[in-house]
Amino acid sequence: MPASPTIYRTVDDLRAAVAAWRRDGLRVGMVPTMGALHSGHLELVRAARERADRVIVTIFVNPTQFAPNEDFGSYPRTEAGDVAKLTEIGVEAVFAPNANEMYPAGYATTVSLAGPAVGLETDFRPHFFSGVATVVSKLLIAGFPDVALFGEKDYQQLMVLRQMARDLRLPTEIVGLPTIREPDGLALSSRNAYLSAEERQLATTISRVMRKAAGEIQAGAAIEPALSEGRVALEAAGFRVDYLVVRNADTLAELDGSAAEPRRMLVAAWLGKTRLIDNIAV
Ligand code: PAF
């Protein structure tokens, strides 16, 4: 029977554990999550296991990355089940603070962003990346891991966090891992649990539309018409599209038209009350 992780609720307790590991010369990995762990998260944890001697998984549904009209209240909270899954893989620490520990009364400091945080998600969720960057910087400062792992599913988030770690000179390598998908192509997400049976069937359209448009563009088709055909296909399947675009894969800036530029297709679209995001290389 593998050992359960130790659950830390305060920054001070986590720091004391990490300090002891550091004294022993051990390498520390961190996987920040909001819980409701699915196989995508578990792949990140396994990859952390391979890269570090001690692994911390953080579980914190971060209030500052939700707008008042979003799903903070209904976001799935499944700590006992999450800890059981982590026990099976074998991790040393779960950091699961309460909101007051992360945001003490009267807190007034947040991380402000530009660069890859401009546009896309920010056009629709202006509060989002400041909340993510603030909490992730606090988590990284609490645990000072050598490496922290994030999924490419939240591609813009990954680029924002890379830029932040660079700009703040955080001593943590930010590693992104490929999106894990259902057999029909749907990217794993804790929010997939919100989909009705009928919506779940339709949700596969997102990855199908992206793959088709990316294939056409890679074969030489013009980008804008391929994307607008994709938007029409998504709308015909019942989606409301926030964006379907191709951007520079590193900066997320508009394409400059050069052939050598790395490209990423990114999409966000609503199916009923559920907002799905996805992305692939082009
Ligand atoms: O990707 C997530 O689950 C969250 O945005 C993160 C990085 C854990 C910050 O709350």
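In what follows, the accompanying structure is described.

Analysis parameters
Within each chain, residues carry numbers counting from 1 in the order of the written sequence. Totals for whole chains, interfaces and linings use all residues, but because this is a predicted model, local features are given only for residues with pLDDT of at least 70 and pairs of side-chain atoms are given and counted only at 80 or more. Excluded from the side-chain calculations are hydrogens and water; all other atoms, namely the structure's heavy atoms, are used. Residues are classed as near a molecule or strand on a simple rule: at least one heavy atom within 4 Å of it. Here a polar contact is recorded for every N or O atom pair within 3.5 Å, except that within protein the pair must consist of a potential hydrogen donor and a potential acceptor, and residues adjacent in sequence are included only if both atoms are side-chain atoms. In these tables, accessible area is a Shrake-Rupley quantity obtained with a 1.4 Å probe, and a residue counts as shielded only by the protein chains included in the view. Numbering goes from the N terminus for both helices and strands, where a helix is a DSSP run of H or I of at least four residues and a strand is a run of E of at least two. Residues are grouped as follows: Ala, Val, Leu, Ile, Met, Phe, Trp, Tyr, Cys and Pro are nonpolar; Asp, Glu, Lys and Arg are charged; all remaining types, including Gly, are polar. Axis definition: a line fitted to C-alpha atoms, over the contacting stretch in the case of helices. Angles run 0 to 180 degrees between N-to-C directions. Here is the rule for angles: anything less than 35 degrees is roughly parallel, anything more than 145 is roughly antiparallel, 65 through 115 is roughly perpendicular, and the remaining ranges are oblique. Contact criterion: two residues are considered in contact whenever any of their non-hydrogen atoms come within 4.5 Å of each other. Exposure is judged per residue with a 1.4 Å probe applied to protein chains only, and the accessible area is read against the type maximum: over 50% gives exposed, under 20% gives buried, and values in between give partly exposed. Criterion used throughout: strands pair if DSSP finds at least two bridges between them. Take the buried residues of types Ala, Val, Leu, Ile, Met, Phe, Trp, Tyr and Cys, join any two whose side-chain atoms come within 4.5 Å, and each joined set is a nonpolar core. Here a salt bridge means any side-chain nitrogen of Lys or Arg lying within 4 Å of a carboxyl oxygen belonging to Asp or Glu.

Section: the site of the ligand
Around the ligand sit Pro-32, Thr-33, Met-34, Asn-62, Gln-65, Val-132, Val-135, Val-136, Phe-150 and Gln-157, and that is every residue in its neighbourhood. Within the side chain of Gln-65, a nitrogen or oxygen atom sits 2.7 Å from an oxygen atom of the ligand. Here the ligand, which alone exposes 290 Å², has 89% of that area covered by the protein. Among the elements of the structure, β2 (28–33) and α6 (128–143) are those that each provide at least two residues to the shell around the ligand. Counting residues per element, the shell around the ligand draws most heavily on α6, at three residues. Among the residues forming the shell around the ligand, the class breakdown is six nonpolar, four polar and no charged.

Let's talk about the packing of helix α1 (residues 11–23) against α6
The contact between α1 and α6 brings their axes to 8 Å, and the two run at 45°. When the axis of α1 is compared with that of α6, the two are oblique. Across the interface between the two elements, Val-11, Leu-14, Arg-15 and Val-18 of α1 pack against Ile-141, Ala-142 and Gly-143 of α6. In terms of residue class, the contact of α1 with α6 is built from five nonpolar, one polar and one charged.

Concerning the pairing of strand β7 (residues 240–248)
Counting buried positions along β7 yields eight of nine residues, so the element is predominantly enclosed. Both β7 and strand β8 (residues 263–271) contribute to a ladder of eight bridges, which runs antiparallel. Within the sheet, the bridge partner assigned to Arg-240 lies in β8 and is Trp-270.

Focus on the sheet that holds β7
Sheet architecture is open: three strands sit in the order β7-β8-β9, paired in antiparallel fashion. Either end of the sheet is taken by a strand with one partner, and the two such strands are β7 and β9 (274–281). If you compare each strand with its neighbour and ignore which way they point, the axes differ by 10° on average. In this sheet, β9 lies alongside β8 in antiparallel orientation, the contact comprising eight bridges. When the bridges of β9 are listed, Trp-270 appears paired with Arg-275. Running at roughly 30° to β9, helix α9 (residues 205–218) makes contact with β7, β8 and β9 of the sheet. Helix α10 (residues 223–236) contacts β7 and β8 of the sheet and is inclined by roughly 155° relative to β7.

What to know about the nonpolar core
Looking at soluble globular proteins, one finds that nonpolar side chains tend to be buried together. Ranked by size, the top nonpolar core spans 45 residues in total, and within it Trp-21, Ile-56, Phe-95 and Val-136 carry the most contacts. Sorting the residues of this core by element identifies α1, β2, β4 (93–95), α6, β5 (147–151), α7 (155–167), β7 and β8 as the ones contributing at least two each. Ignoring sequence-local partners within four residues, the contact set of Trp-21 consists of Leu-26, Val-28, Arg-54, Ile-56, Glu-92 and Ala-93. Listed in part, the 24 residues of the second largest apolar core include Ile-217, Ala-237, Phe-239 and Leu-276.

Looking at the pattern of salt bridges
Using the criterion set out here, one finds 15 salt bridges in the structure. With its nearest N and O atoms 3.4 Å apart, the salt bridge here joins Arg-264 to Glu-152. Pair noted here: Arg-264 is in strand β8 and Glu-152 is in the loop between β5 and α7, with a separation of 112 residues, a long-range link. Its relative accessible area of 11% is what places Arg-264 among the buried residues. Taking the shortest distance from any N to any O, the salt bridge between Asp-242 and Arg-275 comes out at 2.8 Å.

A short note on the sheet that holds strand β1 (residues 6–8)
Strands in a sheet are paired, the pairing made by backbone hydrogen bonds, and the direction either parallel or antiparallel. Pairing is parallel in the open sheet, where six strands are placed in the order β1-β4-β3-β2-β5-β6. Edge strands, defined here as strands with exactly one partner in the open sheet, are β1 and β6 (173–177). Averaged over all neighbouring strand pairs, the angle between strand axes comes to 25°, with direction disregarded. Two elements, strand β3 (residues 54–59) and β4, share three bridges in a ladder whose sense is parallel. Opposite Ile-56, over in β4, you have Ala-93 as the bridge partner. Where helix α2 (residues 39–51) meets the sheet, it contacts β2, β3, β5 and β6, and its direction lies at approximately 155° from that of β5. Across the sheet, helix α3 (residues 79–89) is in contact with β1, β3 and β4; its angle to β3 comes to roughly 165°.

So, unusual backbone geometry
With a phi close to 35°, Phe-144 is a non-glycine residue in the positive phi region. Summarising the element assignment, Phe-144 is placed in the loop between α6 and β5. Of note in this structure, Leu-252 is not a glycine but carries a positive phi near 65°. Here Leu-252 is to be found in the loop between β7 and β8. The exposure class assigned to Leu-252 is buried, which follows from its relative accessible area of 2%.

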